Amino acid sequence: MQVKMIWKMTAFLCALMLLFGAVSTWSYLPVSAETTTPETGRILGYDENGDIVYGTYVFDSETGTMTVQADDGVKMELLGTNNYYLRSNDEIEIVIVGEGIVGLDDGMFDDCINLREIYAEHNDLKTIGAAFSFADSLELVRLGKCTVDTTSAFYSAKDGFTLYGYTGSGADMLYNADYTFISLGAYGSTGDNFTWEYDYDTKTLTFTGSGAMSGALEDMLWRSADFATEIETVVLPEGITEISNYAFNGCTGIKNVNLPESLTYIGFGAFSGCVNLTQIDLPESQELALGSYSFSNTGLTSVYIPQNCTYYTLSDGQTWIAGSFFQGCSNLTSVTVASPAVGTQMFQACPSLTTVTLEEGVETIENNAFSSCPELAEINFPSTLKSIGSQAFYSDTSLTDLTFQSGLESIGDQAFDACYRIHDVVLPDTVTSFGEDCFIWNASGIRIYAPYGSAAIEYAQTQGISPVPEGHDINSDRTYNILDIMTEAQVAVGKSTVEAADFNEDGRINVLDVMVMVRHLIDL
């Protein structure tokens, strides 16, 4: 009885070992000369939600061709590595990636040592991971518009294979492969939201997608491509919300770019250095934030800044004032601003700028906004303007007469310093704050016209600037002195008809007005 029991237990254990040994062999052993690949079978992968989906492989043993495709209507975002007959299969010589396969996982066709040709050209395929490592016999690869893992897609493949693909997709810059690349055009993706394509004939870079453009430099391969400086037109889709930092920085050939109404942010240095970009139309439908240096050193000739523009950029959860948006635009001649603020260094060092129009609604001119613009000769200051920052117009040597309207409250340090041609400055009584040397350090040639008793008159007196109280320059010689009092007296006695001042507002020019002028002159 015991012998029978021992025999049965031994038989049971042997059966278990055979069963598990068979399962282990079926799951993990590579396909070799002793294992024949079935003509067809099922494959599995995952959809965009991570759920398992299925497809089919078809194997032609005569040519060694393995074709994979997803089931009808299925989009297999990732063809997984747990497909037994696809990896480490010595029988596979040609791979064709068919319909519905969106992504190839790492290790997908690893160790297929007799693999010679790969055709992954279907439009559904978007990404290739480290899928074809150790392809010891590889000779030819043809890829469609998909993004390729530049480090490992063809890791340790046979040296000298030829790859047909798209510049910018990563296929043109594989790090761990010795190969010849032949471009079929230029294509790539930037982050998860956008794809792009470059047309060599029209020199047009076209983007497709929506949302925010990726800010990672490795996602903007058009900037390092062989055509980077040849791009002339950039087409952005409606639905884009953010242009990433440095997106087109240094693309010197760009002449035309559309900026869709959906934009809310143009990144730091996005178009900086685009010296052939002469014209832009900023969208006006919603708040638009400009990053620092976004259009600096471009070829723009005129700029209109709409009311919806802001100059605040989020950085690490904090808000800070960006600036230098159009700094160094050497061809810029005219500017119109409707936004509440003219940003810091916004038009600094624009040597050809001659005319600036500030529309009603502008409240602030920030520090150095127009400094070092030597040809700037004409600018208006609206009634809404409240403050002018430090060195806002520093060294603008073509500025002459300045007229500020009631509502202006402060002028910053050296705001108009080194503006040697300024002669007449008209200031309202609302200005109460004057920075150090806010006009020029040696202001002997300047006259300040302001209401008698105002802070502006007091400031002129302390700075050695000749003050001319409003309405007191009766003889129009840009000064206020005894000659003006004499002219007022002649008007009072009917010996002159020049326009005089009715200081006591009694409707007549008489000796009382002359007495007021005498008192004011003594006070000054």
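Residues numbered from 1 in each chain as written. Predicted model: local features only at pLDDT ≥ 70, side-chain atom pairs only at ≥ 80, totals over all residues. Heavy atoms only, no water.

Strands in a sheet are paired, the pairing made by backbone hydrogen bonds, and the direction either parallel or antiparallel. The strand order across the open sheet formed by four strands is β31-β33-β35-β36, and the pairing between neighbours is parallel. Pairing within the sheet leaves two strands with one partner each, and these edge strands are β31 (402-403) and β36 (466-469). Sheet topology note: the strand β35 (residues 447-450)/β36 ladder contains four bridges and is parallel. Bridge pairing in β36 places Ala 450 opposite Pro 469. Relative to the sheet, helix α2 (residues 455-462) contacts β35 and β36, its axis offset from that of β35 by approximately 160 degrees. (Pairing = 2+ DSSP bridges. Helix = DSSP H or I, 4+ residues; strand = E, 2+ residues; numbered from the N terminus. Contact = heavy atoms within 4.5 Å. Axes fitted to C-alpha atoms, helices over the stretch in contact; angles between N-to-C directions.)

A separate point is the sheet that holds strand β29 (residues 378-379). Read across the open sheet, the four strands follow the order β21-β25-β27-β29; overall the sheet is parallel. Strand pairing shows two members of the sheet lacking a second neighbour, β21 (302-305) and β29, which therefore form its edges.

So, on to unusual backbone geometry. Both trends apply: most residues other than glycine have a negative phi, and most peptide bonds are in trans. A positive phi angle, near 60 degrees, is found at Asn 368, a position not held by glycine. By secondary structure assignment, the location of Asn 368 is in the loop between β28 (364-365) and β29. For Gln 414, which is not a glycine, the phi torsion comes out positive at approximately 55 degrees.

Turning next to the nonpolar core. Ranked by size, the top nonpolar core spans 89 residues in total, and within it Phe 248, Phe 326, Phe 347 and Phe 416 carry the most contacts. With four residues, the top contributor of residues to this core is α2. With near-sequence residues (within four places) excluded, Phe 416 lies in contact with Phe 381, Ile 388, Phe 393, Leu 399, Leu 402, Phe 404, Ile 411, Ile 422, Cys 438, Phe 439 and Ile 440. One finds Met 76, Leu 79, Leu 86 and Phe 161 within the second-largest nonpolar core, a separate group that totals 42 residues. (Core = buried A, V, L, I, M, F, W, Y, C linked by side-chain atoms within 4.5 Å. Buried < 20%, exposed > 50% of the residue type's maximum accessible area, 1.4 Å probe, protein only.)

Before going further, it helps to spend a moment on the environment of Asp 106. Inspection of the secondary structure assignment puts Asp 106 in the loop between β6 (103-104) and β7 (117-120). Judged by relative accessible area, Asp 106 falls into the partly exposed class, the value being 43%. A C-alpha to C-alpha distance of 8.8 Å links Asp 106 and Ser 133, two positions 27 residues apart in sequence. The contacts of Asp 106, once residues within four sequence positions are left out, are Thr 81, Gly 129, Ala 130 and Ala 131. Within the local environment of Asp 106, its side chain forms a polar contact with the backbone nitrogen of Ala 130, the two atoms lying 2.7 Å apart. (Polar contact = N/O pair within 3.5 Å; in protein donor to acceptor, adjacent residues only side chain to side chain.)

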